Amino acid sequence: MSIPSDALHRLRAAVSRLPKIERPSSDFGDRFSAPDLVSLFIERLKETRAADDPVAPLVEVERAEDISAAIEARWGPFDPATWHVQGEPLVARDARIGLTPAAALIAASGTVVIDPPSADAGFASLLIEHHVVVAHVGQLIEDVQAFFTRLPDLRRAGCLGAYQVLVTGASRTADMEKILVIPAHGAARLSVVLCRMPFDWEAVRSEFVGRATPS
Amino acid sequence: MSQAPSSRQDDAPWDFRGVSRRKLAEHGLADKLHRAAHTSLEKLARTACETPRWDELRSLARRIRLHALTHLDHYVGEFSEALERNGGAVSWADSAADACRAVVDLARACGVRRVIKAKSMVSEEIHLNQALSDAGIEPVETDFGEMICQLAGEMPGHVTAPIMHWSIEEVARLLVRCGVLDEMPPELAGAGAPAGRLAAARRLVSAARRRLRDSFLTAEMGVTGANFAVAESGSLVLVENEANIRLTTSLPPVHVAIVGIEKIVARISDLGVLLTLLAPSATGQRQSCYTSIIHRPLRRLHVVLLDNGRSKVLADREQFDLLSCIRCGACMNVCPVYRHASGAAYGGVYPGPIGAVLMPHLGGTQRFAQLPFASSLCGACGDVCPVGIPLPERLLQWRRRLVADGLRPAGEGLAFAAWAWLMQHPSLYRAARPPAEWIDAVVPILPRLRNWTIGRAWPAAANEIFSQRWRREHPE
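Quick caveat: nothing in here was measured; it's all calculated off a predicted structure.

## Looking at empty space enclosed by the protein
All names here are of chain B.
Argument step 1. This model, assessed by the stated rule, comprises 5 cavities of 30 Å³ or more.
Argument step 2. The calculated volume of the second largest cavity comes to roughly 90 Å³.
Argument step 3. Lining the second largest cavity are 14 residues; nearest its centre among them are C325, C328, C331, C385 and P386.
Argument step 4. The leading source of residues in the lining of the second largest cavity is helix α14 (residues 330-334), at 3 residues.
Argument step 5. Of the residues assigned to the lining of the second largest cavity, the class counts are 12 nonpolar, 1 polar and 1 charged.

Structure follows, in structure tokens:
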């Protein structure tokens, strides 16, 4: 226990003078609702982009087996010199494209939740110019409140790891005169490959990487 | 460009009146602040409108924060046990000096020569950069605005927009002077059309990115604050736009997070409400670009829990809710005093309305005794606060306390006593009221009012006071 006892006594004395406020329920009732979460997510994702960005933020595919081909058709084949792919060994250097799976999508804010298994795996969404996220429509959640209401259960079920990042658009700063500048220190662009069907990330990764590896 | 107070506090009373007068005379300052604040406030209004039950969320957020504060003795223990269980280390700092010592000692033990820092108001509060420099360790600020403040030797002027009071030209000149930029961006020559200003801003940010890349990749320690710390899971939550916090937490082998004890919330599920409110209130975004939720250490993690006067605020039954602030800066954006006087006028690390009530607690009542009077009590800060802190009430409470403690000028007390006496003697009050013609004649030549009346028409005084008119119109 690293809190010194005199500090704890001080806190107890302070708190004992206060009226006790009960914690509101975890379920905060009605939340954001939209008839079509896919359309809402796409609309809000687009709104996170720079006005002059010519690249479409979303690629839609029907089946899991189409994902690799769609990525390759759009952004070229895997090249270990210029790509960071989550699951491949990564070192701390800048890459052109980073490819990661999504852990969830949040419709109301156009947010992608990623769950890198380690700090190094996080480079695939960080030390890159363009972050490409692979997701499926079943991962859509209404809003941030709904995500955090579900997060404890997801963690208990072992679905999520040491850290998650809610990614809403590319890195940016508006520190000067509120003029939006993209990028700041992270990715300059975020794109989502949205699959209608669930997929196995390991299968997608090995297929995509394998397509470019001469046998 | 404003020159901020020295980063070291001393005990002399802070002269808000004097400094704010100088700030008011600074050409273009209020213009820059108003433009930036209005941009954020317009976006906040839009985002709040599209978010269902915005005001209900604010009252939920207040209850979530007050629950954590009124059980803080329990949650501090729960958080530190959970964090240690997850593999992190926790130390406690009673004071700013203790916190700096903990960070410096750890840096020395790890052989650290360079520390990269993400934007953290609490590290400004404890003057960590000075402590690191004194120990021969180089602190490198990585948030764009904080980097500018560090290069300029200034304190940040706003909790979420540190260089809100700077123009692009001023930033560019500084970067050229410091060798970060070879020359002034050509787009800034001439009138500076919006597209040109965007291109210039891109050049400056790109230069900062290039300059800091090497620091990110070679620093041996990263220092951050935290927006929230979750008791049940020992998780840290860090919110940002630039990705410098992500780089700071994931690249160096050691991550130190300095966390004010008031940042603790009870449960992960509490974060949904708080994070729905934070980004819109700060910048008008629906969500900031990156919200990192670190449950288990990414590298070696050391959390310094900081008291530094917070337990004293917690013991204040009237004002403990000041600790529920989530540092969005919305109260600064709406405050007419802040938008004219700027953050530097407040003299403390936390400016604006929240600073005006918090700094007398954290930085010394005598030193910051003028701040609670630096408000028009228009109420905008209380209306906008996402966690519903009744800031105007807190300002008034401070005024009462400072008057009771004799911390106001004697002349002010005499004037109010005379006024109170006059108001209790209505017949005298009615008789003491000069004729309207006298008022109209004297006002334009009074020294204090002359400047005001140069460009404005003074409204003609009525021939009778309200009570006389009431009697005339209601003779019964």
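## Examining helix α4 (residues 144-156) of chain A
Residues and elements named next belong to chain A.
Argument step 1. Helix length check: α4 (13 residues) gives 19 Å between terminal C-alpha atoms against 18 Å at 1.5 Å per residue, within 8%.
Argument step 2. Of all bends in α4, the biggest is about 35 degrees, found at R150, and the proline P152 comes one to four residues later.
Argument step 3. Buried residues of α4: V144, Q145, A146, F147, F148, L151 and P152, and no others.
Argument step 4. A positive backbone phi angle near 75 degrees is found at G158, which sits one or two residues after α4.

## Some words on a nonpolar patch on the surface
All names here are of chain B.
Argument step 1. Taken together, F416, W419, M423 and Y429 make up a surface patch of nonpolar side chains, about 450 Å² in accessible area.
Argument step 2. With 3 residues, helix α19 (residues 410-423) is the largest single contributor of residues to the nonpolar patch.
Argument step 3. With respect to the element layout, F416 can be found in helix α19.

## Describing the side chain of N333(B)
All names here are of chain B.
Argument step 1. Its location among the elements puts N333 in helix α14.
Argument step 2. Looking at N333, the relative accessible area reads 3%, which means it is buried.
Argument step 3. Side chain to side chain, N333 and H158 meet in a polar contact 2.9 Å long.
Argument step 4. Sequence-distant contacts of N333, that is, excluding residues within four places in its chain, are made with A37, S40, L41, H158, M164, A282 and R339.

## Comments concerning the layout of surface pockets
All names here are of chain B.
Argument step 1. Roughly 580 Å³ of internal volume is contained in the second largest pocket.
Argument step 2. Lining the second largest pocket are 22 residues, with F16, R17, S20, F373 and A374 positioned closest to its centre.
Argument step 3. At 5 residues, the largest contribution of residues to the lining of the second largest pocket is made by helix α1 (residues 16-24).

## Digging into the packing of aromatic side chains
Argument step 1. Taken as a whole, this structure holds 6 aromatic pairs over all chains when the rule is applied.
Argument step 2. Ring pairs connect the aromatic residues F78(A), W83(A) and F208(A), which therefore count as one cluster.
Argument step 3. Over the ring of F373(B) we find R408(B), and its NZ or CZ is 3.6 Å from the ring centre.

## Here's the deal with the sheet that holds strand β2 (residues 83-85) of chain A
Residues and elements named next belong to chain A.
Argument step 1. Pairing is parallel across the open sheet formed by 5 strands, whose spatial order is β1-β9-β6-β3-β2. With partners counted over all chains shown, the strands left at the sheet margins are β1 (58-61) and β2, one partner each. Neighbouring strand axes in the sheet, compared pairwise and without regard to direction, differ in orientation by 15 degrees on average.
Argument step 2. Lying over the sheet, helix α2 (residues 37-47) contacts β1 and β9 (189-195), oriented at roughly 155 degrees with respect to β1.

## Section: unusual backbone geometry
Argument step 1. Residue P183(A) is bonded to the preceding I182(A) through a cis peptide linkage, with omega at 0 degrees.
Argument step 2. Summarising the element assignment, P183(A) is placed in the loop between β8 (163-167) and β9.
Argument step 3. One non-glycine residue, S342(B), lies in the positive phi region at around 75 degrees.
Argument step 4. With respect to the secondary-structure elements, S342(B) resides in the loop between α15 (336-341) and α16 (352-362).
Argument step 5. By relative accessible area, S342(B) is classed as buried at 1%.

## Comments concerning the interface of chain B and chain A
Argument step 1. In this complex, chain B contributes 92 residues to the contact, which on the side of chain A involves 75 residues.
Argument step 2. Between chain B and chain A lies a buried interface of about 7200 Å² when both sides are counted; carbon and sulfur atoms form 61% of it.
Argument step 3. Run the count over chain B and chain A and you get 9 salt bridges.
Argument step 4. Between D307(B) and R10(A) there is a salt bridge; the shortest N-O distance is 3.0 Å.
Argument step 5. At the boundary of chain B with chain A, the tally comes to 34 residue pairs in polar contact (both at pLDDT 80 or more).
Argument step 6. Of the residues in the side of chain B that touches chain A, the class split is 44 nonpolar, 25 polar and 23 charged.

## Quick notes on the sheet that holds strand β7 (residues 254-260) of chain B
Residue and element names in this part refer to chain B.
Argument step 1. The strand order across the open sheet built from 6 strands is β1-β10-β7-β4-β2-β3, with neighbouring strands paired in parallel fashion. At either end of the open sheet lies a strand with only one pairing partner, and these are β1 (89-93) and β3 (138-141). Direction aside, neighbouring strands of the sheet carry axes that sit 25 degrees apart on average.
Argument step 2. Across 3 bridges, strand β2 (residues 114-117) lies against strand β4 (residues 221-224) in parallel orientation. Across the sheet, residue I116 finds its bridge partner in β4, namely G222.
Argument step 3. Where helix α5 (residues 96-109) meets the sheet, its contacts fall on β1, β4, β7 and β10 (300-306), and the angle it forms with β10 comes to roughly 165 degrees.

## With respect to the pairing of strand β5 (residues 111-114) of chain A
Residue and element names in this part refer to chain A.
Argument step 1. Of the two faces of β5, both are covered, the one formed by T111 and V113 as well as the one formed by V112 and I114.
Argument step 2. One ladder, built from 3 bridges, connects β5 with β8; its direction is antiparallel. When the sheet's bridge partners are listed, V112 is paired in β8 with V167.

## Details of the environment of S171(A)
Argument step 1. As for its placement among the helices and strands, S171(A) is situated in the loop between β8 and β9.
Argument step 2. By relative accessible area, which is 0% here, S171(A) ends up buried.
Argument step 3. Between the alpha carbons of S171(A) and C195(A) there is a distance of 25 Å; along the sequence they are 24 residues apart.
Argument step 4. Not counting chain neighbours up to four residues away, the residues in contact with S171(A) comprise V181(A), I182(A), P183(A), A184(A), H185(A), G186(A), A187(A), N241(B), E242(B), A243(B) and Y290(B).
Argument step 5. There is a polar contact of 2.9 Å between the side chain of S171(A) and the backbone nitrogen of A184(A).
Argument step 6. Polar side-chain contacts of S171(A) include one of 2.9 Å to the backbone nitrogen of G186(A).

## Some details on helix α4 (residues 72-85) of chain B
Residue and element names in this part refer to chain B.
Argument step 1. Here α4 contains 14 residues, and its C-alpha end-to-end distance of 19 Å stays within 8% of the 20 Å for a straight helix at 1.5 Å per residue.
Argument step 2. Every buried residue of α4 is listed here: L72, D73, Y75, V76, G77, E78, F79, S80, A82 and L83.
Argument step 3. Looking one or two residues beyond α4, the residue adopting positive phi is G87, at roughly 110 degrees.

## As for the side chain of E240(B)
Residues and elements named next belong to chain B.
Argument step 1. Mapped onto the fold, E240 is located in strand β6 (residues 235-240).
Argument step 2. Although E240 is buried, it forms no salt bridge, and the closest oppositely charged side chain is R246 at an N-O distance of 5.5 Å.
Argument step 3. Among the polar contacts listed, one links the side chain of E240 to the backbone nitrogen of N244, at a separation of 3.0 Å.
Argument step 4. In this structure, E240 is in contact with I245, R246, S288, C289 and Y290, ignoring residues within four places of it in sequence.

Criteria and thresholds
- Residues numbered from 1 in each chain as written.
- Chains lettered and ligands numbered in written order.
- Predicted model: local features only at pLDDT ≥ 70, side-chain atom pairs only at ≥ 80, totals over all residues.
- Heavy atoms only, no water.
- 1 Å grid on protein atoms, 1.4 Å probe; cavity = no way out; pocket = protein on both sides within 12 Å on 5 of 7 lines; lining within 4 Å.
- Points joined across faces, edges and corners; volume = space filled by probe spheres on them.
- Helix = DSSP H or I, 4+ residues; strand = E, 2+ residues; numbered from the N terminus.
- Nonpolar A, V, L, I, M, F, W, Y, C, P; charged D, E, K, R; others polar.
- Expected span 1.5 Å × (residues − 1).
- Bend = angle between axes of the 7 residues up to and from the residue.
- Buried < 20%, exposed > 50% of the residue type's maximum accessible area, 1.4 Å probe, protein only.
- Patch = residues over 30% accessible without salt bridge, like charges linked within 9 Å, V, L, I, M, F, W, Y side chains within 5 Å.
- Areas by Shrake-Rupley, 256 points an atom, 1.4 Å probe, with all protein chains shown as cover.
- Salt bridge = Lys/Arg side-chain N within 4 Å of Asp/Glu carboxyl O.
- Polar contact = N/O pair within 3.5 Å; in protein donor to acceptor, adjacent residues only side chain to side chain.
- Contact = heavy atoms within 4.5 Å.
- Phe/Tyr/Trp six-rings, centres within 6.5 Å; stacked < 30°, edge-to-face > 60°.
- Lys NZ or Arg CZ within 6 Å of the ring centre and 35° of its normal.
- Pairing = 2+ DSSP bridges.
- Axes fitted to C-alpha atoms, helices over the stretch in contact; angles between N-to-C directions.
- Buried area = accessible area lost by both parts, 1.4 Å probe.
- Lys, Arg positive; Asp, Glu negative; His and termini not counted.

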